[in-house]
Amino acid sequence: MPDVRAFIAGLVLSLALVAGAATAHAQNRPSEASVTVLPDTLTQAAIRNVLAQLDDRQVRALLLERLTAEAERQAAALAAEDERTLGDFLATGAGNFGTFLADVIVKVPNLPGEIEAAFMTFAERRGDTPLWRFFVTLGVALGLGAGAAALFARWSPSSGNTGTILHGSGLFRHVRILAIRFGLQILVVAVFAFCALAINAWINADKPTDRETIARVVTALTWVSLTLIVARFLFAPSRPDLRLVAIEDADARWLTGRAVIVGAVFMLGFGFTGWLDAMGSLYVDSWHGFWVNTAGHVVLGVVLWQARFILRRMLSGEAVGTSEEPALYRAWPAIAVGLVALNWLIIGIVVANAYVPDDLFSTIATTLILLVVLPFLDQMLGAVVRILVAGDETASDVLKAAREQTRRGTLRIARVVGAIVLLLVVLEAWDVDLVTLAERGIGAAFAADLVGALLIVGVAYVAWEAIRVVIARQIAMERVRLGLGVPSDGAPEGEGGGTGARLGTLLPLVRVSATVAIVVMAVLTLLGQFGVNVLPLVAGAGVVGLAIGFGAQTLVRDIVSGIFFLIDDAFRTGEYIDVGDTKGTVERISVRSMQLRHHRGILNTVPFGEITRVSNLSRDWVIMKFPLRLRYGTDTERVRKMIKKLGEELLDHPEYGHQFLQPLKSQGVVEMEDSYMIVPVKFMARPGEQWMLRRLVLTKIHELFEKNNIRFASREVTVRLGDDHSTASLSPADREAVAGAAGRLIHQKEGSTAAAER
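An account of the accompanying structure is given in this report.

Cut-offs and rules
Numbers given for residues are sequential positions, taken from 1 along each chain in its written order. Given that this is a predicted model, residues contribute local features only at a pLDDT of at least 70 and side-chain atom pairs are listed and counted only at 80 or more, while totals for whole chains, interfaces and linings are drawn from all residues. Values shown for side chains rest on all heavy atoms present in the structure; no hydrogens or waters enter the calculation. A strand pair is defined by DSSP finding two or more bridges across the two strands. The helix count covers DSSP runs of H or I at least four residues long, the strand count covers runs of E at least two residues long, and both are numbered beginning at the N terminus. Surface patches are defined over residues having more than 30% relative accessible area and no salt bridge, joining like charges when they lie within 9 Å and nonpolar side chains (Val, Leu, Ile, Met, Phe, Trp, Tyr) when within 5 Å. Only the protein chains shown count as cover for residues, and all accessible areas are computed by the Shrake-Rupley method using a 1.4 Å probe. Salt bridges, as used here, are contacts in which a Lys or Arg side-chain nitrogen is within 4 Å of a carboxyl oxygen on Asp or Glu. Think of it this way: a Phe, Tyr or Trp ring, Trp meaning its six-membered ring, pairs with another when their centres are within 6.5 Å, and the plane angle makes it stacked under 30 degrees, edge-to-face over 60, tilted otherwise. Only protein chains enter the calculation, and the probe is 1.4 Å; a residue is then buried if its accessible area is under 20% of its type maximum, exposed if over 50%, and partly exposed in between. Two residues qualify as a contact provided that any one of their heavy atoms is within 4.5 Å of a heavy atom in the partner residue. In plain words, nonpolar cores are sets of buried Ala, Val, Leu, Ile, Met, Phe, Trp, Tyr and Cys residues tied together by side-chain atoms within 4.5 Å.

Here we come to the sheet that holds strand β3 (residues 593-597). Consider a sheet: its strands pair through backbone hydrogen bonds, and that pairing is either parallel or antiparallel. Pairing within the open sheet is antiparallel, and its five strands lie in the order β4-β3-β2-β1-β5. Edge positions in the sheet fall to β4 (603-607) and β5 (615-616), since each of these pairs with one other strand and no more.

Written out as structure tokens, the structure reads:
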């Protein structure tokens with residue numbers, strides 16, 4: 001402090017000399033500035049004596065000397081502070097905390113005496129005013145304040161029937177209801193506090209001690225009421241339909257009650273310690289605030305541990321206690337208790353080191369609350385997203401799957417935005433400037449663009465996620481419109497895939513292209529943000545692309561051919577096509593090729609440039625034909641009528657009737673073989689469903705023929721032997737062997753033909 005006083009005195013001398021020394025000594029300036037020595041004790045007389053002896057040049061010399069000395073002192077202090085290592089800081093803090101705890105324990109016996117002294121001071125300051133007057137005025141202030149709040153709540157729209165006065169559904173209805181409920185309850189508490197404090201100030205206008213004490217009681221009760229309002233907003237014990245967390249009604253009521261208890265311990269306790277300080281029992285005399293803070297943290301930790309299973313059910317839902325429960329959610333109650341203990345320790349260390357900024361405790365409390373309720377904030381985000389993406393539960397499986405994909409993508413976007421907002425709130429609470437912090441660690445040139453780079457990355461991710469959500473939903477809507485089911489990973493049945501979706505074919509390519517574009521633009525923007533000239537990179541990319549275009553003509557041909565195939569809508573994902581040498585179901589389409597899955601499981605990759613024709617077997621409709629081999633003598637007209645009637649019955653089948661586009665019918669006898677007649681039957685169906693329908697039709701025809709005693713023809717091979725003497729000597733066994741060999745030869749030939757056709 002002597003240096004500070006000397007510095008201030010020097011500034012005072014300088015200002016005085018600038019005003020008067022120039023006139024007093026303008027005519028007689030010394031040729032050399034003499035050294036001015038300030039007296040050790042600066043009094044008003046000493047200052048006037050020094051002023052009388054100095055001229056203008058000496059004043060400037062003295063001012064320069066004092067400023068230089070102060071600058072050197074501050075630089076030395078900063079250098080000494082910078083030389084302290086993290087270990088020194090921790091050792092000093094731990095030592096001070098140990099000393100603080102020892103002092104707290106030593107002063108425990110002082111606590112009852114300090115409380116008694118505070119009450120004695122309270123009685124002395126009140127004078128001859130009877131004590132009953134204090135309790136009467138306290139009751140009047142609280143009663144009239146509560147009455148005013150009740151009247152306001154009665155005259156205002158009730159929070160209980162808010163849902164009946166708001167129409168509509170969805171997210172905005174829930175937000176309006178929650179906002180109105182929360183706002184009305186806040187206003188009710190504000191009316192209570194205002195009326196109680198106003199009545200207290202009027203009644204106790206000439207009683208400052210009573211007025212201050214009652215004001216502290218009203219303030220503490222107001223904060224407890226606000227705690228109740230926040231708990232009711234989060235857990236909604238009386239409105240399950242507005243609850244933002246997934247818990248039972250009993251658990252919601254339990255958590256609300258415990259939140260009020262914790263709030264009462266903190267608010268009433270710190271209100272009492274403030275009153276003790278006002279009554280003269282200072283904090284450092286008995287450390288009463290330390291015990292209130294400890295009691296509040298202990299109660300909070302006990303409540304969190306008692307609610308550990310409720311918290312786990314809230315976070316994990318039905319997965320609690322199973323292997324599917326996330327490890328973080330399983331351990332979160334213990335982590336929350338640890339964070340409470342850490343918060344208590346940090347407050348103790350800060351107080352022990354005698355550095356207590358005005359907003360330190362609120363900053364620590366804000367950070368602690370945000371960390372403890374972080375999973376519940378995530379649950380609230382999930383609830384908001386579920387409300388936002390809500391839909392009809394009776395919708396098709398495709399629409400449900402699309403809605404689930406939309407919900408997950410929206411939740412990921414909300415989590416990213418929420419994490420950024422939470423980080424900014426915490427940094428703002430601790431008064432941390434990102435740019436300044438970055439300048440200290442990485443350099444000013446790089447730090448100036450750090451925040452912009454983080455913003456670019458966040459916007460790029462949100463854009464990418466939004467594109468994914470929109471594309472997935474559009475694909476699902478098209479599948480619903482076309483009557484298609486959820487895409488299956490199983491192998492298709494028979495030779496032919498189902499009808500494909502055009503958007504389901506094109507939009508995945510758009511998604512890939514958009515992803516590449518977002519990544520490239522984000523990288524180029526980041527490089528430009530950090531001062532890198534991206535024009536040479538863009539020009540170089542253009543030259544490389546031109547070189548690839550000239551050198552890889554086959555690649556260019558494949559890409560261009562694929563573009564025109566997609567424009568012509570020649571095939572879609574999930575359709576069964578024939579491209580000449582290869583056929584199969586289209587599984588995947590890339591920029592230059594597609595993959596065809598043969599019905600026997602073979603996966604073929606076909607470049608677009610090698611395709612000369614495309615036969616699509618899955619577009620719009622298919623006709624399934626198969627022959628019936630009947631014996632000679634069968635009444636074919638009767639068979640035709642029976643099959644026609646069967647086709648009409650199949651149209652009314654509860655499970656498969658809607659899959660027939662045209663009914664089953666017989667075409668009559670179209671061919672006659674040696675031992676049977678061929679009567680083909682056919683039906684029209686949707687692509688991909690004909691194989692299952694064929695199996696159903698064959699089963700029904702077999703049952704129908706068995707019921708009406710109509711027999712299918714058996715395969716017969718007739719072998720005629722000549723009548724000459726070369727065959728006359730053959731025995732019956734030899735004749736049967738010759739016939740069997742001929743039959744096997746015919747069957748082998750027919751099998752080879754069928755394999756070649758497949």
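Moving on, there is more to tell.
This brings us to a nonpolar patch on the surface. Judged by side-chain polarity, Val556, Val560, Ile563, Phe564 and Ile567 come together as a nonpolar surface patch covering roughly 440 Å² of accessible area. Within the secondary structure, isoleucine 567 is located in helix α23 (residues 553-567).

Applying the stated criterion across every chain yields a total of 18 aromatic pairs. Taken together, a centroid distance of 5.1 Å and an interplanar angle of 55° make the contact between phenylalanine 119 and tryptophan 275 tilted. Remark: tryptophan 275 occurs in helix α10 (residues 249-278) and phenylalanine 119 occurs in helix α5 (residues 110-126); sequence separation between them is 156 residues. Where tyrosine 461 meets tryptophan 464, the ring centres are 5.9 Å apart and the plane angle is 45°; that geometry is what we call tilted.

The subject of this paragraph is the side chain of threonine 209. Residue placement: threonine 209 occurs in helix α9 (residues 208-235). Residue threonine 209 is classed as buried on the basis of its relative accessible area, which comes to 10%. Residues contacting threonine 209, with those up to four places away along its chain left out, are Phe122, Arg125, Arg126 and Met279.

Grouped together as the largest cluster of nonpolar side chains are 24 residues, with contacts concentrated most on Phe626, Leu664, Phe683, Val697, Ile701 and Phe705. Considering every element that reaches this core, the biggest residue donor is helix α25 (residues 690-707), with seven residues. With residues near it in sequence (within four places) discarded, phenylalanine 626 still touches Val679, Pro680, Val681, Phe683, Arg694, Val697, Leu698 and Ile701. The next biggest cluster of nonpolar side chains, apart from the first, holds 21 residues, and it includes Ala231, Met314, Leu315 and Met380.

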